[in-house]
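Here is how the chains run, residue by residue.
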Amino acid sequence: MKNRTGTDKSLTSTWARQTQMVRAGSMRSNFDEMGEALFLTSAFAYENAEEAEARFDGRAEGFTYSRQTNPTTSMFEARMALLEGADVGRATGTGMAAMTAALLCYLRAGDHIIGARAAFGSCRWLLDELLPRYGIETTVIDGTSLDAWKAAVRPNTKMFFLETPANPTLDFVDIEEVAKIAHDAGAKLAVDNVFATPALQQPMKLGADIVCYSTTKHIDGQGRCLGGIVLCDKEFDEQHLYPFYRHTGCAMSPFNAWVMLKGLETLGIRVNAMCDNADKLAAAIAPRLDDVRHPSLPGFKQAALAKKQMKRGGTMVIFELPGGRDQAFKFMNALEIVDISNNLGDSRSIATHPWSTTHKALSEDARLEVGVTPGLIRFSVGLEDGDDLVKDVMQALDKAGVK
Ligand SMILES: *Cc1c(COP(=O)(O)O)cnc(C)c1O
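Residues numbered from 1 in each chain as written. Predicted model: local features only at pLDDT ≥ 70, side-chain atom pairs only at ≥ 80, totals over all residues. Heavy atoms only, no water.

*Asks:* In this structure, what is going on with the overall build of the chain? I would like to understand it.
*Replies:* In terms of helices and strands, the chain carries 15 helices and 12 strands. Taken over the C-alpha trace, the chain has a radius of gyration of 22 Å; the compact-globule value for 403 residues is 22 Å, and the two agree within 12%. Each of the 403 residues in the chain was classed as buried or not, and the buried ones make up 57%. In the chain, once contacts between residues fewer than 6 apart in sequence are set aside, the share between residues at least 24 apart is 72%. When the accessible surface of the chain is summed, it comes to about 16,800 Å², and 51% of that surface belongs to carbon and sulfur atoms. Charged side chains of the chain number 44 positive and 51 negative; the gap between the two group centres comes to 2 Å. (Helix = DSSP H or I, 4+ residues; strand = E, 2+ residues; numbered from the N terminus. Rg over C-alpha atoms; globule rule 2.2 N^0.38 Å. Buried < 20%, exposed > 50% of the residue type's maximum accessible area, 1.4 Å probe, protein only. Contact = heavy atoms within 4.5 Å. Areas by Shrake-Rupley, 256 points an atom, 1.4 Å probe, with all protein chains shown as cover. Lys, Arg positive; Asp, Glu negative; His and termini not counted. Charge placed at Lys NZ, Arg CZ, Asp CG, Glu CD.)

*Asks:* Mind showing me how you'd approach the site of the ligand here?
*Replies:* What surrounds the ligand is a group of 14 residues, the closest being Met96, Asp192, Ser214, Thr216 and Lys217. A distance of 2.8 Å is found between an oxygen atom of the ligand and a side-chain nitrogen or oxygen belonging to Ser214. Interatomic distance of 2.8 Å between a side-chain N/O atom of Lys217 and an oxygen atom of the ligand. Contact with the protein chains covers 92% of the free accessible surface of the ligand, which is 380 Å². If you tally residues by element for the shell around the ligand, the top one is helix α5 (residues 95-104), at 3 residues. (Near = heavy atom within 4 Å. Polar contact = N/O pair within 3.5 Å; in protein donor to acceptor, adjacent residues only side chain to side chain.)

*Asks:* Hey, could you run me through the sheet that holds strand β6 (residues 210-214) in this one?
*Replies:* Sheet strands line up and pair through hydrogen bonds in the backbone, either parallel or antiparallel. The 7 strands lie next to each other as β1-β7-β6-β5-β4-β2-β3, forming an open sheet whose pairing is mixed. The open sheet has two free edges, formed respectively by β1 (88-92) and β3 (137-141), since each of these has just one partner strand. Taking each pair of neighbouring strands and ignoring which way they run, the sheet shows an average axis angle of 20°. Two strands pair when backbone bridges link them, and strand β5 (residues 188-192) and β6 are joined in this way by 3 bridges, in the parallel orientation. (Pairing = 2+ DSSP bridges. Axes fitted to C-alpha atoms, helices over the stretch in contact; angles between N-to-C directions.)

*Asks:* So what exactly am I meant to see when it comes to the pairing of β5 here?
*Replies:* Side-chain positions along a regular strand alternate between the two faces of the sheet. Of all 5 residues that make up β5, 4 are buried, and the element is covered over most of its length. Once the chain exits strand β4 (residues 157-163) it traverses helix α8 (residues 175-184) before rejoining the sheet at β5, and the crossover so formed is right-handed. (Right-handed = clockwise from strand over helix to strand, strands pointing away.)

*Asks:* What am I meant to see in unusual backbone geometry here?
*Replies:* For residues besides glycine, phi is generally negative; the peptide bonds are generally trans as well. Each neighbour pair has its own omega, and for Thr164 with Pro165 the value is -5°, a cis peptide bond. Locating Pro165 in the fold gives a position in the loop between β4 and α8. Put simply, Asn167 and Pro168 share a cis peptide bond, and its omega is 5°. For Pro168, the location among the structural elements is in the loop between β4 and α8. In this structure, Asp32 is a non-glycine residue whose phi angle is positive, near 60°. Take Asp32: it is sitting in the loop between α2 (17-23) and α3 (49-57).

*Asks:* Looking at this model, I keep getting lost on the packing of helix α11 (residues 254-285) against helix α15 (residues 386-399). Mind explaining?
*Replies:* Each packed pair of helices is defined by two parameters, the angle between the axes and the distance between the axes. Here α11 crosses α15 at 30°, and the two axes come no closer than 9 Å. As judged from the angle between their axes, α11 and α15 are roughly parallel. In the crossing of α11 with α15, the sense of the turn from one axis to the other is right-handed. From α11, Asn277, Lys280, Leu281, Ala284 and Ile285 reach across to α15, where they touch Gly386, Asp387, Leu389, Val390, Val393, Met394 and Leu397. Here the contact of α11 with α15 is built from residues that sort into 8 nonpolar, 2 polar and 2 charged. (Parallel < 35°, antiparallel > 145°, perpendicular 65-115°, else oblique. Left-handed = near helix turned anticlockwise from the far one by under 90°. Nonpolar A, V, L, I, M, F, W, Y, C, P; charged D, E, K, R; others polar.)

*Asks:* Just checking my understanding: could you explain the sheet that holds strand β10 (residues 339-340) for this structure?
*Replies:* On the basis of which strands lie adjacent, the open sheet formed by 5 strands has the order β8-β9-β12-β11-β10 and mixed pairing. The sheet terminates laterally at β8 (292-293) and β10, the two strands that pair on one side only. By the bridge criterion, 2 bridges tie β10 to strand β11 (residues 350-352) in an arrangement that is parallel. Considered in β11, the bridge of Ile340 is made with Ala351. α11 rests against β8, β9 (316-320) and β12 (376-380) of the sheet, and its axis sits at about 15° to β9.

*Asks:* Explain the packing of aromatic side chains here, please?
*Replies:* Each aromatic ring pair is summarised here by two numbers: the centre-to-centre distance and the angle between the ring planes. If you walk through the whole model with that rule in mind, you get 8 aromatic pairs. Considering the side-chain rings of Trp149 and Phe160, the 5.1 Å spacing of their centres and the 10° angle between planes classify their relative orientation as stacked. Separated by 11 residues along the polypeptide, Trp149 in helix α7 (residues 146-152) and Phe160 in strand β4 bring together distant segments of the chain. Phe160 gets classed as buried once you look at its relative accessible area, which sits at 0%. Considering the side-chain rings of Phe172 and Phe300, the 5.7 Å spacing of their centres and the 80° angle between planes classify their relative orientation as edge-to-face. In this pair, Phe172 sits in the loop between β4 and α8 while Phe300 sits in the loop between β8 and α12 (303-309), placing the two residues 128 residues apart along the sequence. Taken as a pair, Phe172 and Phe300 share a single burial class, namely buried. For the cation-ring pair, Lys217 lies above Phe120, with the distance from its terminal atom to the ring centre recorded as 5.1 Å. Against the face of Trp355 rests Arg367, its NZ or CZ located 4.3 Å from the ring centre. (Phe/Tyr/Trp six-rings, centres within 6.5 Å; stacked < 30°, edge-to-face > 60°. Lys NZ or Arg CZ within 6 Å of the ring centre and 35° of its normal.)

*Asks:* Sorry, what's going on with the side chain of Gln302 here?
*Replies:* Looking at where Gln302 falls in the secondary structure, it is placed in the loop between β8 and α12. Here the side chain of Gln302 touches Phe172 through a polar contact of 2.7 Å, landing on its backbone nitrogen. Leaving out residues up to four positions away in the same chain, Gln302 has contacts with Thr144, Leu170, Asp171 and Phe172.

Below is the structure:
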């Protein structure tokens, strides 16, 4: 292997995170390319039949088939694993493929999982609809309450699953404390870290066993490709994740992995700049609305916890328009720069109405229970000029009739 690549973990693990985001995991081919190569190939060839046999046995190193591993995808996985403090990463076609793999690779009929109720709509569907079909018991609780986690434990509890900050309510769950409860119960803790991003929060450092991402969000960060990744230790990978991953075919395309590698190079600076904009926007609109949620605001309910486990407040600002759905729609329709969409973590700012889109799979009661109300706006703060963003939101609030 060539010098100055990112394959030597004894070296890359000593680097600062920003250096890791740019260089860790890079492998150079015989052509000495600077940019990571895109290996758009489904399979790999062998010098002779003996070598094919040896690679299939695992006696010889090397790639066999891109459903399992691919050099471009492996570079992305290695970089993510290092950033996360995980032994292994397995990149998937979408974020939901990552969440599904993380749960289904481990849980079996008769097992029990506890999930925090404030979660991405499709994650809730996995807990509420999919797992029970296969005889996996699920309990959905208020994840902000440590007592609720403790009370939900059963002898067959095998996994805890949570998202913090939660999409879209910005509920924070104490990862460190919940990890202790999970481990006392003999269960694994899986964390969906999408909202926080690897730039701001490292759940494994706080005790999580498995970390999952939709890389569609901040990691791509420019609204191009879908993707996901599951990160874990070697043992969990060997016994549970990798067999499931290779045989069910949830792999990320090498092209998307290449895009994600490029995204990681700028993740740290993008997320920081987005946080600057989010701080500014939250401060500007807080005096105009009763319910504006962002950890940078003085009145933020879970400020101490946010500070304990996240480097900054994050890129999402949540607010409630008192006039419900009608006023929320008026506000969104009046935006001149910001797009109406359902993605997040994009360089372009996005306003989402979770009630009518991302969280519609939940019943009305379930939406209200987690705090997804008809007037709630989920605002993903992008990389535009912060003053332009504030101006756009202020004029849209005016047009929606907010004082
Ligand atoms: C978007 C998202 C997902 C799902 O990711 P996809 O890439 O859309 O499949 C899961 N969890 C959270 C918190 C998300 O925001």
